[in-house]
Amino acid sequence: MKTIGVIGGSGLYQMEGLSETESVCVETPWGVPSANPIIGTLGDTRIIFLPRHGTGHTISPSEINFRANIYAMKALGAEWIISISAMGSLREEIEPGHVAIPDQFIDNTKRRLSTFFEGGMVAHVSMADPVCSPLCDCLFEAAVRCTETVHKGGTYVCIEGPQFSTRAESHLYRQWGADMIGMTAMPEAKLAREAEICYATVALCTDYDCWNEKHEDVTVSEVIEIMNRNVAAAKKILAEAVRAIPEKRECACRDALGCALITPGKHVPPRTRDRLGIIAEKYMEK
């Protein structure tokens, strides 16, 4: 049975249609995840659902324990992670209510711990292509069947938040070539790559940020109104995509650490070896 992790963003705090569900308490070397993951089945697929912002949306983007979230997914057996994220559009053609499947990220966060490898072990994973291409294809095809407008590809710039952008920043991100803006994809995608988990994002457009003076500046009330409509589409996309994801992985994500580790296992301090645990155990020298 394939195991797929789903990280729910703003507005998506539970996944419908799961059977045989159970809430699991997971402790990790990096603390506790945003909430107890919910494990259940959807057809012939095992699903691990985790609300990124906690139950009741109590965790701001800068407070998310990304390392604990990804480690928990790895510990519970997830080989794929579908991330659901709200985003603002930086392009006229990506309208509020549209869906996008980004294939590139710009990390403009400032406060977040973005690696498992520290304390005596060094690794440099490739992030040239930061999402899993086969998973993106599955999500795009599912979105085409479930929504009116979906954009394949594009660059998502991740900002620290929790404040929205200044107008000057919004224009700058457009000059960088970014197509959408959000607060949660990084370092989530980096950590998933280090954990050798396939990762892709379903980005749900809620607003035009503040660059587009033809529209009102982004407000929470506007975001919530459109977000509620987007969440309904996201649930349909998830149900479709889960069925289409293959049983076996043949992408580079599954061996991402194979050519990334620099520190020989014999030089890794015991405490660091224990802390990394399932992340790098198959590469450790005995």
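Refer to the structure printed above.
Predicted, not measured: the structure shown is a model, and the values here were computed from it.

**Looking at the nonpolar core**
Right, on to step 1. Counting 84 residues, the largest nonpolar core has I70, I82, F116, F117, L135 and V202 as the members making the most contacts within it.
Right, on to step 2. If sequence neighbours within four positions are ignored, I70 has contacts with I7, I81, F116, E188, L191, A192, A195 and I197.
Right, on to step 3. In terms of nonpolar packing, the next biggest core, distinct from the first, is built from nine residues, V157, I159, Y173 and I181 among them.

**Details of the pattern of salt bridges**
Right, on to step 1. Within this structure, the stated rule accounts for twelve salt bridges.
Right, on to step 2. The salt bridge partner of K152 is D137, with a shortest N-O separation of 2.9 Å. Taken together, the residues span a long stretch of sequence, with K152 in strand 8 (residues 150-152) and D137 in helix 2 (residues 133-146) at a distance of 15 residues.
Right, on to step 3. For the salt bridge of R145 with E240, the shortest nitrogen-to-oxygen distance reads 2.9 Å. One end of the pair, R145, is in helix 2; the other, E240, is in helix 5 (residues 220-244), with 95 residues separating them in the sequence.
Right, on to step 4. A single salt-bridge network, built from bridges that share partners, covers E196, R254, D255 and K282.

**Focus on the environment of E196**
Right, on to step 1. In this structure, E196 sits in the loop between helix 4 (188-194) and strand 11 (198-207).
Right, on to step 2. A C-alpha to C-alpha distance of 9.7 Å links E196 and V125, two positions 71 residues apart in sequence.
Right, on to step 3. Other than its neighbours up to four places away in sequence, E196 contacts K74, R249, C253, R254, D255, A256, L257, G258, K282 and Y283.

**Structural notes on helix 1 (residues 66-75)**
Right, on to step 1. Most of helix 1 sits inside the fold, with eight of its ten residues counted as buried.
Right, on to step 2. For helix 1, the secondary structure elements touched by its buried residues are strand 1 (3-8), strand 4 (45-51), strand 5 (80-89), helix 4 and helix 6 (270-276).
Right, on to step 3. At the C-terminal side of helix 1, G77 shows a positive phi close to 100°.

**Quick look at the side chain of R91**
Right, on to step 1. Among the secondary structure elements, R91 is positioned in the loop between strand 5 and strand 6 (99-101).
Right, on to step 2. Within the structure, the side chain of R91 is placed 2.9 Å from the backbone oxygen of A178, a separation counted as a polar contact.
Right, on to step 3. Residues contacting R91, with those up to four places away along its chain left out, are R174, G177, A178, D179, Y208 and W211.

**Details of the layout of surface pockets**
One way to see where empty space is left: roll a probe the size of a water molecule over the atoms.
Right, on to step 1. Taken as a whole, the second largest pocket holds about 290 Å³ of empty space.
Right, on to step 2. Among the residues forming the lining of the second largest pocket, the class breakdown is eleven nonpolar, four polar and four charged.

**Side note on unusual backbone geometry**
Right, on to step 1. Across the junction of G161 and P162, the peptide omega takes the value 0°, indicating a cis bond.
Right, on to step 2. Inspection of the secondary structure puts P162 in the loop between strand 9 (155-159) and helix 3 (167-176).
Right, on to step 3. Geometrically, the link from M186 to P187 is a cis peptide bond, its omega value of 5° lying close to zero.
Right, on to step 4. Here P187 lies in the loop between strand 10 (180-182) and helix 4.
Right, on to step 5. With phi around 55°, H57 is a residue other than glycine that occupies positive phi space.
Right, on to step 6. Topologically, H57 is positioned in the loop between strand 4 and helix 1.
Right, on to step 7. Backbone geometry at E196 places phi at a positive 60°, although glycine is not the residue there.

**Focus: the pairing of strand 11**
Right, on to step 1. Among the ten residues of strand 11, ten are classified as buried, and the element is accordingly described as predominantly covered.
Right, on to step 2. As paired elements, strand 5 and strand 11 share nine bridges and run parallel to each other. Residue I82 lies in a different strand from strand 11, and its bridge partner there is A200.
Right, on to step 3. The sheet contact formed by strand 6 and strand 11 spans two bridges and is antiparallel. Each residue of the ladder has a partner; that of V99, found in strand 11, is L204.

About the thresholds
- Residues numbered from 1 in each chain as written.
- Predicted model: local features only at pLDDT ≥ 70, side-chain atom pairs only at ≥ 80, totals over all residues.
- Heavy atoms only, no water.
- Core = buried A, V, L, I, M, F, W, Y, C linked by side-chain atoms within 4.5 Å.
- Buried < 20%, exposed > 50% of the residue type's maximum accessible area, 1.4 Å probe, protein only.
- Contact = heavy atoms within 4.5 Å.
- Salt bridge = Lys/Arg side-chain N within 4 Å of Asp/Glu carboxyl O.
- Helix = DSSP H or I, 4+ residues; strand = E, 2+ residues; numbered from the N terminus.
- Polar contact = N/O pair within 3.5 Å; in protein donor to acceptor, adjacent residues only side chain to side chain.
- 1 Å grid on protein atoms, 1.4 Å probe; cavity = no way out; pocket = protein on both sides within 12 Å on 5 of 7 lines; lining within 4 Å.
- Points joined across faces, edges and corners; volume = space filled by probe spheres on them.
- Nonpolar A, V, L, I, M, F, W, Y, C, P; charged D, E, K, R; others polar.
- Pairing = 2+ DSSP bridges.

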